[in-house]
Amino acid sequence: MINWEAVRAEVTRHLQALIRIDTTNPPGNESEAARYLEGVLRREGFEPLFVESAPGRGNVLARLAGGDGPPLMLLGHTDVVAAEPEHWTHPPFSGALADGCVWGRGALDMKNMVAANLMVLLLLQRESVRLNRDIIFAATADEEAGKGNHGPGWIIDNRPDLWDAPLIITEGGGSDFAVGEQRFYTCQTGQKGLCRLRLIARGTPGHGSMPHGDSAIVKLSRALAGLAGTAFPAHMSASVRRFVEGIASRRPAPEAALWRQVLDPATADTALCALPISSTLRRELGAVLHNTASPTMAEAGSKINVIPGEATAWIDGRLVPGQTPENFVAELRAFVGDEVAIEVDQCTPPLEASSDTPLFRTIAAVMQKREPDAPVLPYLMPAGTDAKHIVPRRPETQIYGFMPYRQQPGEEEMELIHGHDERTSVEELLFATQVLYEIVCRFGGVEYR
Ligand SMILES: [Zn+2]
């Protein structure tokens, strides 16, 4: 029998230790965190592998040997985003334990899952659990810095022998949420793609004292104004379809009908407006039903008295599964007009794994046993995870985002992630450890005791 009280203290200690290592990316400095994890694993009899993709950018992998089944990887990134200490109740790299929570940058994204994953491996080893497949622990660098490639992408490109897991559980889902009184859990099955582009307007340069009616800045402004209140067409992905169907099946008749109207792209937007849901959920559903375009930077001119010949705006574009940059540019053109050139700068494709797989079903079954009234729904994430570095290189990989987490009353987990006062309750850390342990056992062919 596992002593879960002792596990609670142990996993909390590991999370505190990881938070105290400042892995703000950039620059990252994940090696110190990787070395910490390597040390713990080695002391417990594992033979972890430490690999640096660049000085300071450490990754660590460890393997628990099992049977011949396709290996399952528990993956977490050790880097975090920057914090502004003056806005925190407890310093962001203190790992303070207060009010039942571990406080600090990374407490939710995602050193908590790294600590829980570590704990799962240690417990499997200590309990001598013999599974039908290898379980791989991976704590990797460089997820948070957009283009970053010092983590999984680098390992696959440079040490392909180390990356042989076609099944991965990582961040991106696992939280509960409520519609009315009904609770659900998400399991991330997909994520939107990225299509970053530039709008460039060209005009006639000249002296500021002599306006000539061909201003690049004015043209760019007209194009950007076209984006106000844009209504991109709705596109339905398999994940969102199942998500909406799952909610509809648990809601009373009049509301369920509205949910079903969301499934039809022709009625999706009006139905979405009419649903009695939180503004957060409405915004999120809006984002996963449509390609989106957010202007995030603009640049023109360098002197007050010179009319510039060119003006540029950068657009953070996101694509629904099934959409291509070409589709997206065509949709965008209808809003920004013909006065600007559209130049695509950087793309990563949208990703989607099936929810009709043994691993997804295992996750759902374990949760059903623990919380029979809160079903697990496939979930499309508006933003991205490390999956974007993995699936394009290893298209056969099934990646699910599942870090079990019950939102605290009055607290929006999503507002703490990358926000001030990021923290996780010790209770949830233990809960996640238990659930992940059970998922791994059951998926590995051993009934959890
Ligand atoms: Zn993350």
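Since we're looking at a predicted model, the values are computed, not measured.

1. As for the overall build of the protein chain
Right, on to step 1. Within the protein chain, the secondary structure is distributed over 14 helices and 19 strands.
Right, on to step 2. Its C-alpha atoms give the protein chain a radius of gyration of 24 Å, within 12% of the compact-globule value 22 Å for 449 residues.
Right, on to step 3. The principal-axis extents of the C-alpha atoms in the protein chain amount to approximately 80 × 60 × 45 Å.
Right, on to step 4. Across the 449 residues in the protein chain, those meeting the buried criterion constitute 45%.

2. Points about the sheet that holds strand E14 (residues 310-319)
Right, on to step 1. Read across the open sheet, the four strands follow the order E12-E14-E10-E15; overall the sheet is antiparallel. Because the sheet does not close on itself, it has two edges, and the strands there are strand E12 (292-300) and strand E15 (340-348). Within the sheet, the average angular offset between the axes of one strand and its neighbour, ignoring direction, is 20°.
Right, on to step 2. In terms of strand pairing, strand E10 (residues 193-202) meets E15 through eight bridges, oriented antiparallel. From the neighbouring strand, Leu194 faces E15, where its bridge partner is Thr348.
Right, on to step 3. The strands touched by helix H5 (residues 216-225) within the sheet are E10, E12, E14 and E15, with E10 carrying the most contacts at an inclination of about 140°.

3. Remarks on the domain arrangement of the protein chain
Right, on to step 1. Looking at the protein chain, the domain boundaries give domain 1 (4-172 + 385-443) and domain 2 (193-348).
Right, on to step 2. Summarising the inter-unit geometry, the C-alpha centres of domain 1 and domain 2 are found 33 Å apart.

4. So, the environment of Arg283
Right, on to step 1. Along the chain, Arg283 turns up in helix H9 (residues 279-289).
Right, on to step 2. Put simply, Arg283 and Cys273 are ten residues apart on the chain and 10.0 Å apart in space, counted from C-alpha to C-alpha.

5. Description of the packing of helix H1 (residues 4-20) against helix H14 (residues 426-443)
Geometrically, a packed helix pair is captured by the angle between its two axes and the distance between the axes.
Right, on to step 1. The interhelical angle for the contact between H1 and H14, taken along N-to-C directions, is 110°, at an axis separation of 9 Å. Here H1 lies roughly perpendicular to H14, going by the angle between them. When H1 is examined against H14, the residues Trp4, Val7, Arg8, Val11, Thr12 and Leu15 are found in contact with a partner set consisting of Val426, Leu429, Leu430, Thr433 and Gln434.

6. Details of the sheet that holds strand E5 (residues 101-103)
Right, on to step 1. Strand order in the open sheet made by the three strands is E4-E5-E19, with antiparallel pairing throughout. What marks the edges here is a single partner per strand, and that holds for strand E4 (97-98) and strand E19 (423-425).
Right, on to step 2. In this sheet, E19 lies alongside E5 in antiparallel orientation, the contact comprising three bridges. Counted as the bridge partner of Trp103 is Arg423 from E19.

7. Comments concerning helix H2 (residues 31-43)
Every α-helix winds through 3.6 residues per turn, so residues three or four apart in the chain are directed the same way.
Right, on to step 1. A rise of 1.5 Å per residue sets the reference length of H2, with its 13 residues, at 18 Å; its end C-alpha atoms lie 18 Å apart and thus fit the reference within 8%.
Right, on to step 2. Among all positions of H2, only Ser31, Ala33, Ala34, Tyr36, Leu37, Glu38, Val40 and Leu41 are buried.
Right, on to step 3. Looking at the buried side of H2, the elements it contacts are H1, strand E1 (49-52), strand E2 (58-64), helix H3 (111-126) and strand E6 (133-140).
Right, on to step 4. Phi turns positive one or two residues past the end of H2, at Gly45, with a value near 95°.

8. Let's talk about H1
Right, on to step 1. The end-to-end C-alpha distance of H1, which contains 17 residues, comes to 24 Å, matching closely the 24 Å that a straight helix rising 1.5 Å per residue would cover.
Right, on to step 2. When we look at burial in H1, the residues that qualify are Val11, His14, Leu15, Leu18 and Ile19. The buried residues of H1 occupy an angular sector of 135° when the element is viewed end-on, so they sit on one face. Within H1, the exposed residues directed more than 90 degrees away from the buried face are Glu5, Ala6 and Ala9.
Right, on to step 3. On its buried side, H1 packs onto H2, E5, H3 and H14.

About the cut-offs
Residues numbered from 1 in each chain as written. Predicted model: local features only at pLDDT ≥ 70, side-chain atom pairs only at ≥ 80, totals over all residues. Helix = DSSP H or I, 4+ residues; strand = E, 2+ residues; numbered from the N terminus. Rg over C-alpha atoms; globule rule 2.2 N^0.38 Å. Buried ≥ 20, exposed ≤ 12 C-beta atoms within 10 Å, placed from the backbone. Pairing = 2+ DSSP bridges. Axes fitted to C-alpha atoms, helices over the stretch in contact; angles between N-to-C directions. Contact = placed C-beta atoms within 7 Å. Domains from an automatic or database assignment. Parallel < 35°, antiparallel > 145°, perpendicular 65-115°, else oblique. Expected span 1.5 Å × (residues − 1). Arc of directions from axis to C-beta.

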